[in-house]
Amino acid sequence: MAVWKGLTTNVLSRETAIYENSFPVEGGTYENAGHVSSQIKALLKRMKISKEVVRRAALVTYESEINICSYARSGKILLRVTPEHVTIEAIDEGQGIVDIELAMQEGYSTATDKIREMGFGAGMGWDFVTSRIFPISFVSPRRSAKAPISRWLLVSIKILMAFSLI
Amino acid sequence: MTLREIKELLDAEVLVGHDQLDKEIKTAFGADLMSDVLAFAKAGSLLLTGLTNPQVIRTSDVLDIAAIIMVRGKRPSPETLRLAEEFLIPVLTTKYILFETAGKLYAKGIVGCMERVDDERAFS
């Protein structure tokens, strides 16, 4: 249900959207973490989309949202529903990833104590997204290891995930 | 088992969801790490945890968790309880530790929502 090799952004963009919206996510705080996922879940439920797709879509939105709240300065979640697919795109403006291969490894994490206190940052997110949800695309410009972390860089992580409705 | 029977078994206090105690529970998942809950917990399961922040409720809502048992006598913040009420997710608190809570439930026939994490690597 979650993915297909072969499904591309081109195919998806040719489909006519019956719903499309962008939800801003505030970075660096957990105050509203999960708010967008709840909103998207309620929206999809109202569209009478199958329970299982709603659950999975909410799950990937939540993973992405927590990621933005944990690591980015700001971000947004784009939801697009066509008669064939639900697509979720998470885009953030944050510090980027220095070593993508390392970041994809289960257990590797750069989480702060605050993030771990909330029950996250175990280094499972990217592994989960890439090995179990299979994003259609995952883009993160490589950040130089020498770039100061203290200064936010305008580097974006962009993930696109889709669920089939047929 | 119903949530009411679980409440009696664990000598638990109901904090949210007094009207949902007839809910039937068959499986459970226990963890203090929400990343693990997200990766492994299944819809309709009971969540046993010692974590009490609002993300526990958000995570449970996303996964369609049936109810939350806070172990080791943990009491959530008003903000956490407010969210639980908003999402209609029952929250109970028990003085038993996680191991004892899980053992008591298991002895009564509640099983894990999965046995091993390599049971199903595919996202299903």
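Placed above this text is the structure.
It should be emphasised that the depicted structure is a prediction, and the values quoted were computed from it without experimental measurement.

What counts and how
Residues numbered from 1 in each chain as written. Chains lettered and ligands numbered in written order. Predicted model: local features only at pLDDT ≥ 70, side-chain atom pairs only at ≥ 80, totals over all residues. Heavy atoms only, no water. Helix = DSSP H or I, 4+ residues; strand = E, 2+ residues; numbered from the N terminus. Contact = heavy atoms within 4.5 Å. Areas by Shrake-Rupley, 256 points an atom, 1.4 Å probe, with all protein chains shown as cover. Buried < 20%, exposed > 50% of the residue type's maximum accessible area, 1.4 Å probe, protein only. Polar contact = N/O pair within 3.5 Å; in protein donor to acceptor, adjacent residues only side chain to side chain. Core = buried A, V, L, I, M, F, W, Y, C linked by side-chain atoms within 4.5 Å. Axes fitted to C-alpha atoms, helices over the stretch in contact; angles between N-to-C directions. Parallel < 35°, antiparallel > 145°, perpendicular 65-115°, else oblique. Nonpolar A, V, L, I, M, F, W, Y, C, P; charged D, E, K, R; others polar.

## Side note on the overall build of chain A
Stage number 1. Broken down by element type, chain A carries six helices and five strands.
Stage number 2. Order of helices (α) and strands (β) in chain A, N terminus to C terminus: α-β-α-α-β-β-α-α-α-β-β.
Stage number 3. Restricting the contact set of chain A to residue pairs at least 6 apart, pairs at least 24 apart contribute 73%.
Stage number 4. When the accessible surface of chain A is totalled, it reaches about 8100 Å², and 53% of it is carbon and sulfur.

## Describing helix α3 (residues 54–63) of chain B
Residues and elements named next belong to chain B.
Stage number 1. Most of α3 sits inside the fold, with ten of its ten residues counted as buried.
Stage number 2. Those residues of α3 that sit buried are P54, Q55, V56, I57, R58, T59, S60, D61, V62 and L63.
Stage number 3. Put simply, N53 is the residue that caps the front of α3, since its side-chain oxygen is 2.8 Å from the backbone nitrogen of Q55.
Stage number 4. Phi for D64, located one or two positions after α3, is positive at around 55 degrees.

## A few points about the nonpolar core
Stage number 1. Formed by 60 residues in total, the largest nonpolar core has its most connected members in A:L44, A:L79, A:V86 and A:I88.
Stage number 2. Of all the elements, helix α3 (residues 51–71) of chain A adds the most residues to this core, at ten residues.
Stage number 3. A:L79 has contacts with A:Y19, A:E20, A:N21, A:F23, A:I40, A:L43, A:L44, A:V86, A:T87 and A:I88, leaving out every residue within four places of it along the chain.
Stage number 4. One finds B:M1, B:I25, B:L92 and B:I110 within the second-largest nonpolar core, a separate group that totals 18 residues.

## Looking at the packing of α3(A) against α3(B)
Stage number 1. Running from amino to carboxyl end, α3(A) crosses α3(B) at an angle of 150 degrees, the nearest separation of the two axes being 8 Å. Classified by the angle their axes make, α3(A) and α3(B) are roughly antiparallel. Of the residues in α3(B), those touching α3(A) at A:R55, A:A58, A:L59, A:Y62 and A:I66 are B:Q55, B:R58, B:T59, B:V62 and B:L63.
Stage number 2. Classifying every residue of the contact of α3(A) with α3(B) gives six nonpolar, two polar and two charged.

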